[in-house]
Amino acid sequence: FQEKKQPVPIKLTRKEALPFTIKKCLRSTFMWISPGTCVSVKAGNTAMPIEHLVANAIAIVENAVGHMPRKWSNISAVNVKT
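Residues numbered from 1 in each chain as written. Predicted model: local features only at pLDDT ≥ 70, side-chain atom pairs only at ≥ 80, totals over all residues. Heavy atoms only, no water.

Chemist: What am I meant to see in the overall build of the protein chain here?
Modeler: Helix and strand content of the protein chain: two helices and zero strands. Projected onto its principal axes, the C-alpha coordinates of the protein chain cover approximately 45 × 30 × 25 Å. Within the span of the protein chain, comprising 82 residues, buried residues form 7% of the whole. Considering only contacts within the protein chain whose residues lie at least 6 apart along the sequence, 21% involve residues at least 24 apart. Accessible surface computed for the protein chain: about 7,600 Å², of which carbon and sulfur atoms make up 59%. Computing the positive centroid from 12 side-chain charges and the negative centroid from 4, the protein chain places the two 7 Å apart. (Helix = DSSP H or I, 4+ residues; strand = E, 2+ residues; numbered from the N terminus. Buried < 20%, exposed > 50% of the residue type's maximum accessible area, 1.4 Å probe, protein only. Contact = heavy atoms within 4.5 Å. Areas by Shrake-Rupley, 256 points an atom, 1.4 Å probe, with all protein chains shown as cover. Lys, Arg positive; Asp, Glu negative; His and termini not counted. Charge placed at Lys NZ, Arg CZ, Asp CG, Glu CD.)

Chemist: Honestly, helix H2 (residues 50-65) in this entry has me stumped. Any pointers?
Modeler: An α-helix turns once every 3.6 residues. As a result, residues three or four positions apart point the same way. Given a rise of 1.5 Å per residue, 16 residues ought to cover 22 Å, and the 23 Å separating the end C-alpha atoms of H2 matches this to within 8%. By the burial criterion, the buried members of H2 are Ile 60, Ala 64 and Val 65. Seen from one end, H2 has its buried residues packed into an arc of 110°, which puts them on one side. Of the exposed residues in H2, the ones pointing more than 90 degrees away from its buried face are Glu 51, Glu 62 and Asn 63. (Expected span 1.5 Å × (residues − 1). Arc of directions from axis to C-beta.)

Chemist: Sorry, what's going on with the environment of Lys 42 here?
Modeler: In this structure, Lys 42 sits in the loop between helix H1 (18-26) and H2. Residue Lys 42 is classed as exposed on the basis of its relative accessible area, which comes to 63%. On a C-alpha basis, the gap between Lys 42 and Thr 13 in space is 27 Å, while along the polypeptide they are 29 residues apart. Here Lys 42 is in contact with Thr 29 and Ile 60, once residues within four sequence places are set aside.

As structure tokens, then:
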């Protein structure tokens, strides 16, 4: 995929739930584990309040660890990029 843009999965089980599913995907962030050594997840943007960004970063770290092989023993650093 060009510029690492991955397709977003959407479940089409109920036709009337489609608009809510699309809104949920637009508000979400996704993590793809590549065969390399780094994983990046978008936590927000500079227009968001600091409290929201901190809460998002904490939630990402807590939830991403469960999807990593060997959990915390496989994580050597967490970096924040602006």
